[in-house]
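Breakdown of the fold
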Amino acid sequence: MKISGSDVNIAFFVSAHGFGHAARAAAVMSAIRHKMPDVGFEVFTRVPEWFFSEALSPPVRYHAVTTDVGMVQKDPFAVDIPATLSRLGDFLPFSEPMVQEIADGLTARRCRAVVCDISPLGI
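Predicted model, so just to flag it, every value in this text is computed and none were measured.

The rules we used
- Residues numbered from 1 in each chain as written.
- Predicted model: local features only at pLDDT ≥ 70, side-chain atom pairs only at ≥ 80, totals over all residues.
- Heavy atoms only, no water.
- Helix = DSSP H or I, 4+ residues; strand = E, 2+ residues; numbered from the N terminus.
- Buried < 20%, exposed > 50% of the residue type's maximum accessible area, 1.4 Å probe, protein only.
- Contact = heavy atoms within 4.5 Å.
- Areas by Shrake-Rupley, 256 points an atom, 1.4 Å probe, with all protein chains shown as cover.
- Lys, Arg positive; Asp, Glu negative; His and termini not counted.
- Charge placed at Lys NZ, Arg CZ, Asp CG, Glu CD.
- Core = buried A, V, L, I, M, F, W, Y, C linked by side-chain atoms within 4.5 Å.

On to the overall build of the protein, then. The secondary structure content of the protein amounts to four helices and six strands. When the helices and strands of the protein are read in sequence order from the N terminus, they spell out β-α-β-α-β-β-β-α-α-β. Over its C-alpha atoms, taken along the principal directions, the protein stretches across nearly 50 × 30 × 20 Å. Split into buried and exposed, the 123 residues of the protein put 34% on the buried side. Taking as baseline every contact in the protein between residues at least 6 positions apart, the subset at least 24 positions apart corresponds to 61%. If you sum the accessible surface of the protein, you get close to 7,400 Å²; carbon and sulfur atoms cover 59% of it. Computed over 11 positive and 13 negative side-chain charges, the separation of the two mean positions in the protein equals 8 Å.

Here it is as structure tokens:
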């Protein structure tokens, strides 16, 4: 059975720690879209929605979800390790109901694959 792009949605879990992760994810989505013009994307991130809507043509569905905590920074050059560990402690472990809700959502949206950069939630 051949799968057409219209039959495929791909979920992307993208770190919101800077726009570099989002830019690379958008480039990958664009390359996939070049090969499968009808493919749909489900993007899970806290990167602003406009970033993806300006970079990609529809269908791109945005889900405002924190997928990782990144590193807490005092300024552009200094990482705050204690604050990062505290935030990570609040983030992990994931609650089973939240993971189940996302998994059920991926199934309901007919996602055939999950692409993840470094976001623990996508893994």
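Phe12, Val14, Met29, Phe41 and Phe52 are the most contacted members of the largest nonpolar core, which totals 15 residues. Going through the elements one at a time, β1 (9-13), α1 (20-35), β2 (40-45) and α2 (49-55) are the ones with two or more residues in this core. By residue number, the principal contributor to this core is α1, which donates four residues. If we ignore the near neighbours within four places in the chain, the residues touching Phe52 are Val14, Ala22, Met29, Val43, Thr45, Val47 and Val60. Ranked by size, the runner-up nonpolar core spans eight residues in total, among them Phe13, Val65, Leu106 and Leu121.

Function cannot be inferred from these measures alone, as they are strictly geometric.
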